[in-house]
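# Summary of structural features
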Amino acid sequence: MQKNDTAAHVCPFASLELILILMLWTFLHAGCAMWPEPTRSVHVGETGLMGSCADFFASLDGRAATADAVDSGYSRVKLHPYLRTDRFIASFRDEVEDNHAFAAWVDHMQALDQSARQFELANLSGTDIAALGTVDGRDALYRKVVECGNLLKNVDLLNAGKKGRRHVVVSVDDEYIPLRKVLGIYPITSLFVSRGVKKWHAEAREHFSIVPPTDWQPIRYVPALKPDTGIAHRILQEVERDALGIPTYSAEDRNTLFQAYAPIWEIQTRGNADRIGSPAWNGNRRIDIDTDHPQTYTLLSFTRFDKTILTQLNYIIWFPSRPSDGVLDIYAGRLDGLNYRVTLDGDGEPILYETMHNCGCYYKAYPTSHLRVRETLDYKEAPLILKAPEMQPASERMVVGMEHRTHYVRTLYPVSRESQSGAGAYTLADYGDLKRLSHVDGKQKSMFDRYGLVPGSERLERFVLWPTGVLSPGAMRQWGRHAVAFVGVRHFDDPFYLDKMFAPRP
């Protein structure tokens, strides 16, 4: 009897202990659901070309995962390993009944997969490449990606009619982990987070200006090239669009657009942490920022507004760090950066400017006179909306002014394109370069891990803000993986955010 009593007392304690251990384990590993795990074709294991191609994609995905070479910027499409998607492309899933529209939609997803696989192949070792069964190297493997993708696409989707369309399930998970919200008692903790956000909004409004600062000692970085802005306007006015209405720019046209609207960076400088540069892996397998080579990384995106598709130009810079302001500074850490985005109308006129730190933090929108803010914004955490200065893109550039240490954007103002005082030149580079940086032993490696984070950029704030559901709040992350609100759900690449926040002025 005593033995049974003892067992009765121990078992409840053991069960509670086990539950707590499982909860902790689940919490610590909750991020595992945040990387785009590979999917397998239904043709895996079949004989013939279909089975061979399906097996090839499965082997390639396995090698990329084992080598930690997965490009996590896009989401996978279940059962179709030759397709990937982002939030913008996924937004067309209910609008592709027309054969031409469906084919264009699938082609966009295949193009995203091919882009990702180029980087994954570049970052595999020679041993991994050889294990994939080719003697002709990465180029031969990429050709097989294209050929097998086309074969599977045609059989699974384009030649299967409506049946094929029903089998395409396209979605993109948000950047919030539900379990963390549950464990963090989100309905209560979000009240404290919301209070902190509102306080920061008030401070940001107070310190923001659309005139040049008078009490700064800044360094300026200006674009190295001076393009003809008239050509840029013609490109936007005359660009062809595909069956989905998405502009189709040539590589030359993209370069012209990025050069035409490139900003001047003005940074209140107190040390090397306030200088922009180029990310590079060091000998200790950590990312450093080479401030001797200032670069701005460009990325083209699109958004949907007022029943049309608008072009967006993203300009991204990197700093060595955000220095600490004291032992209790939970926001300090290695690496920092900013994304400045320009949204253009069909005539080449900027209608919206935005800034966001590369952690997804400190989002700000600066609408021009072409937009009006909606009276009601359907967000639990309202975005910070400030006034944009009036400017003439043909003769002026926008100056993005940032304070030292925090790199908060404190001012936007236009200057003549001829203004070069106190300036150093920066060059433009493609954002994709960040996904194939030189690494030790002659290899290449992305600066982003499989979760879309930059290793080594973690902040102490992650131990405070984890109940918001955001993975590693404060850490630098890959484009397409930016949550820009701690209360509610909001993403930097939401294709409908412009319609939610603004209406066109008549």
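The preceding data block contains the structure.
As the structure is a computational prediction, the values presented were derived from the model and not from experiment. (Residues numbered from 1 in each chain as written. Predicted model: local features only at pLDDT ≥ 70, side-chain atom pairs only at ≥ 80, totals over all residues. Heavy atoms only, no water.)

### Thoughts on the nonpolar core
Judged by nonpolar contacts, the single largest core of 113 residues is most densely connected at W105, W265 and W318. Among the elements that take part in this core, helix α4 (residues 99–122) stands out by supplying nine residues, more than any other. Not counting the four nearest positions on each side in its chain, W105 is found in contact with I89, F92, R93, V96, V168, V170 and L244. V470, A483, A485 and F486 belong to the second largest nonpolar core, which has ten residues in total. (Core = buried A, V, L, I, M, F, W, Y, C linked by side-chain atoms within 4.5 Å. Buried < 20%, exposed > 50% of the residue type's maximum accessible area, 1.4 Å probe, protein only. Helix = DSSP H or I, 4+ residues; strand = E, 2+ residues; numbered from the N terminus. Contact = heavy atoms within 4.5 Å.)

### Describing the state of the cysteines
Applying the stated rule across the entire model yields two disulfides. Each disulfide pairs two cysteine sulfurs, and for C53 the partner residue is C148, the sulfurs being separated by 2.2 Å. Residues C53 and C148 are joined by a disulfide whose S-S torsion is about -70°; by sign, that bridge is left-handed. Residue C53 is located in helix α2 (residues 48–66), and its partner C148 is located in helix α6 (residues 137–158); the two are separated by 95 residues in the primary sequence. Its relative accessible area of 5% is what places C53 among the buried residues. Between C359 and C361 runs a disulfide, and the two sulfur atoms are separated by 2.2 Å. For the pair formed by C359 and C361, the shared burial category is buried. (Disulfide = S-S within 2.5 Å.)

### Side note on α6
For α6, spanning 22 residues, the distance from its first C-alpha to its last is 30 Å, which sits close to the expected 32 Å at 1.5 Å a residue. When α6 is considered as a whole, its buried residues turn out to be G137, A140, L141, V145, C148, G149, L152, K153, D156 and L157. (Expected span 1.5 Å × (residues − 1).)

### Remarks on helix α11 (residues 251–260)
Turning to α11, its buried residues are T256, L257, F258 and A260. Where α11 is buried, its residues meet α10 (229–238), β7 (295–305), β8 (308–322), β14 (396–402) and β16 (423–430).

### Digging into the environment of W265
Mapping W265 onto the fold places it in strand β4 (residues 264–268). Separated by 84 residues in the primary sequence, W265 and E349 have C-alpha atoms spaced 21 Å apart.

### Some remarks on the sheet that holds strand β11 (residues 364–367)
In any sheet, the strands associate via hydrogen bonds between backbone groups, in a parallel or an antiparallel arrangement. An order of β13-β11-β10-β9-β8-β7-β16-β3-β4-β14-β15 is seen for the eleven strands of this open sheet, with the pairing classed as mixed. Each edge of the open sheet carries a strand with a single partner, namely β13 (384–385) and β15 (409–416). Pairing of strand β9 (residues 333–344) with strand β10 (residues 350–357), which is carried by seven bridges, proceeds in the antiparallel orientation. Following the sheet pairing, V342 is matched in β10 by Y353. Of the strands in this sheet, β7, β8, β14 and β16 touch α11, which is tilted by about 65° from β8. (Pairing = 2+ DSSP bridges. Axes fitted to C-alpha atoms, helices over the stretch in contact; angles between N-to-C directions.)

### A closer look at unusual backbone geometry
Positive phi is not limited to glycine here, since D68 has a value of about 55°. By the secondary structure assignment, D68 is in the loop between α2 and β1 (75–77). Even without a glycine there, the phi angle at R285 is positive, about 60°. Inspection of the secondary structure puts R285 in the loop between β5 (278–281) and β6 (287–290).

### Re the packing of aromatic side chains
Within the structure shown, the criterion is met by 16 aromatic pairs. Ring centres of Y362 and Y408 lie 4.8 Å apart, and the angle between their planes is 65°; on these two criteria the pair is classed as edge-to-face. Of this pair, Y362 sits in the loop between β10 and β11 while Y408 is found in the loop between β14 and β15, placing the two residues 46 residues apart along the sequence. Looking at Y408, the relative accessible area reads 12%, which means it is buried. A ring pair is formed by Y431 and F448, whose centres lie 6.0 Å apart and whose planes are at 25°; its orientation type is stacked. (Phe/Tyr/Trp six-rings, centres within 6.5 Å; stacked < 30°, edge-to-face > 60°.)

### Concerning the pattern of salt bridges
Counted by the stated rule, this structure contains 23 salt bridges. Across the pair D113 and R117 runs a salt bridge whose closest N-O atoms are separated by 2.9 Å. Here D113 pairs with R117, and both are found in helix α4, just four residues apart, close to one helical turn. Of the charged contacts, one joins D288 and R334 as a salt bridge, the two residues approaching to 2.9 Å between their closest N and O atoms. Remark: R334 occurs in strand β9 and D288 occurs in strand β6; sequence separation between them is 46 residues. Overall, the relative accessible area of 33% leaves D288 in the partly exposed class. Salt bridges sharing common partners tie together D61, R76, R84, D113, R117 and E120. (Salt bridge = Lys/Arg side-chain N within 4 Å of Asp/Glu carboxyl O.)

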